[in-house]
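Here's the letter readout for the chains.
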Amino acid sequence: MSGTTQVWAAVFQIGGPIAAAIVLIHVVHRCVRERRLCLDAMIVIGTTTAWWHDPLINWLRPFVFYNATMVNFGSWSERIPGWISPNARFLPEPLLMIGLAYVWMTLGFGMLATRAMRAARARWPQLGVAATFGAGWSAVFVLELPLETLAVRTGLVAYPASIPELTLWAGHTYQVPLYGPALWSAVLTGIGALRFHLDERGFTLVERGIERVTVGARATTLLRILAVVGFIHVSAVLAYDLPINVAGLYAGPVDPYPTHLRTQQCGPGTPVGCPGPGVPIVMKDR
């Protein structure tokens, strides 16, 4: 592994906690100012708990590899009921880079999407819902794609199961499937849309009608949290995890990956072939 990769690993693993701390300070400040659990705090609760299904994109076969030199404690994938892809426990799920991204990236890029949607609606008041969402998505995508590309080109992340026709540098270990950042940007923009579409009481679309529920204040807050958390989890699974798994079934050929990326999930030394044309989905370890 090159020294450049080690430098970028340090950059991402130092930058991640700093960015997460900035986001958490913002959330605490807003909660104190509003004297209640604010919407951004509920979003952070939802996105942080959503980290558990980050490996779900590897459900059918390995779609993502993470560099094993980053801080990690392995993966919990194979404990998920119905898991198919073998050797998933060897995925080194990076805590500081990927785990904390579910704190800073999700809310930070969601806030960016909200601002872009507000700017677009202010410029074009008659803009429809889809076009407004598109404005937010565009603002997120122009940052997400370069960030994703940087992580891949520096050897921290790899995508072995990619559709060649929809991929930059297809066939190389640094290939970048364009639909990955596009779909993830849609999830992040969905968070921005949640913040954008508020009623006169400040409730999001998924909280509408909560005022008609006759329970105490704490129970009402809990129900609001569950509504926001549920929206985030469901949108991530439907808009990202499931499409990525389907796309992984049409993987093209790719150069062999080094051990510190494939981490014995597939390839030489394992009974499982890495994704590619003619490589079957193996239902269990052999």
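Scroll up to find the structure this text is about.
Presented here is a report on the structure given in the accompanying data block. Sequence order sets the numbering: in each chain, residues are counted from 1 along the sequence as written. In keeping with the predicted nature of the model, local features appear solely for residues at pLDDT of at least 70, side-chain atom pairs appear and are counted solely at 80 or more, and the whole-chain, interface and lining totals rest on all residues. Just so you know, side-chain values use all the structure's heavy atoms and leave hydrogens and water out.

A few points about the packing of helix H2 (residues 39–49) against helix H7 (residues 217–248)
Phase 1 of the analysis: Axes here refer to lines fitted to C-alpha atoms; in helices the fit is confined to the stretch in contact. Angles between the N-to-C directions go from 0 to 180 degrees. Under the DSSP-based scheme used, a helix requires at least four consecutive residues in state H or I and a strand at least two consecutive residues in state E, with every element numbered from the N terminus. Packing of H2 against H7 leaves a shortest axis separation of 8 Å and a crossing angle of 50 degrees. Looking at the two axes, H2 sits oblique to H7. Note on packing geometry: the crossing formed by H2 with H7 is right-handed. Residues Leu-39, Met-42, Ile-43, Ile-45, Gly-46, Thr-47 and Thr-49 of H2 touch H7, and the partners they reach there are Arg-224, Ile-225, Val-228, Val-229, Ile-232 and His-233. Any angle between 65 and 115 degrees counts as roughly perpendicular, while under 35 counts as roughly parallel, over 145 as roughly antiparallel, and the rest as oblique. Definitions for this section: a left-handed crossing has its near helix turned counterclockwise from the far helix by less than a right angle. A right-handed crossing has that turn clockwise. Two residues qualify as a contact provided that any one of their heavy atoms is within 4.5 Å of a heavy atom in the partner residue.

Things to note about the nonpolar core
In a soluble, globular protein the nonpolar side chains are often hidden away together inside.
Phase 1 of the analysis: Grouped together as the largest cluster of nonpolar side chains are 60 residues, with contacts concentrated most on Val-27, Ile-43, Phe-63, Met-97 and Val-157.
Phase 2 of the analysis: Of all the secondary-structure elements, those providing two or more residues to this core are helix H1 (3–34), H2, helix H3 (95–99), helix H4 (101–123), helix H5 (129–153), helix H6 (179–196) and H7.
Phase 3 of the analysis: When residues in this core are grouped by element, the largest group, 9 residues, is from H4.
Phase 4 of the analysis: Non-local contacts of Ile-43, meaning those with residues more than four positions away in its chain, are made with Leu-107, Ile-191, Leu-194, Arg-195, Val-228 and Ile-232.
Phase 5 of the analysis: The next biggest cluster of nonpolar side chains, apart from the first, holds 6 residues, and it includes Phe-65, Tyr-257, Leu-261 and Cys-266. What we call a nonpolar core is a set of buried Ala, Val, Leu, Ile, Met, Phe, Trp, Tyr and Cys residues that are connected through their side-chain atoms within 4.5 Å. Exposed residues in this analysis have more than 50% of their type's maximum accessible area, buried residues have under 20%, and partly exposed residues fall in between, with area computed by a 1.4 Å probe over protein chains only.

A closer look at a nonpolar patch on the surface
Phase 1 of the analysis: Taken together, the side chains of Val-213, Val-215, Leu-222, Leu-223 and Leu-226 make up a nonpolar region of the molecular surface, amounting to roughly 400 Å² of accessible area.
Phase 2 of the analysis: Within the secondary structure layout, Leu-223 lies in helix H7.
Phase 3 of the analysis: Owing to a relative accessible area of 36%, Leu-223 belongs among the partly exposed residues under this scheme. In this analysis, a patch consists of residues with relative accessible area above 30% that form no salt bridge, clustered at 9 Å for like charges and at 5 Å for the nonpolar side chains Val, Leu, Ile, Met, Phe, Trp and Tyr. In this description, accessible areas are obtained by the Shrake-Rupley approach with a 1.4 Å probe, and a residue is regarded as covered only by the protein chains that are shown. One speaks of a salt bridge when a side-chain nitrogen belonging to Lys or Arg is within 4 Å of a carboxyl oxygen belonging to Asp or Glu.

Quick notes on unusual backbone geometry
Phase 1 of the analysis: Positive phi is not limited to glycine here, since Asn-87 has a value of about 60 degrees.
Phase 2 of the analysis: Within the secondary structure, Asn-87 sits in the loop between strand E1 (65–66) and H3.
Phase 3 of the analysis: On the basis of relative accessible area, Asn-87 is assigned to the buried category, the value being 6%.
Phase 4 of the analysis: Phi at Thr-263 takes a positive value of approximately 40 degrees, unusual for a residue other than glycine.
Phase 5 of the analysis: Checked against the element boundaries, Thr-263 lands in the segment after helix H8 (259–262).
Phase 6 of the analysis: Look at Thr-263 and you get buried, because its relative accessible area is 11%.

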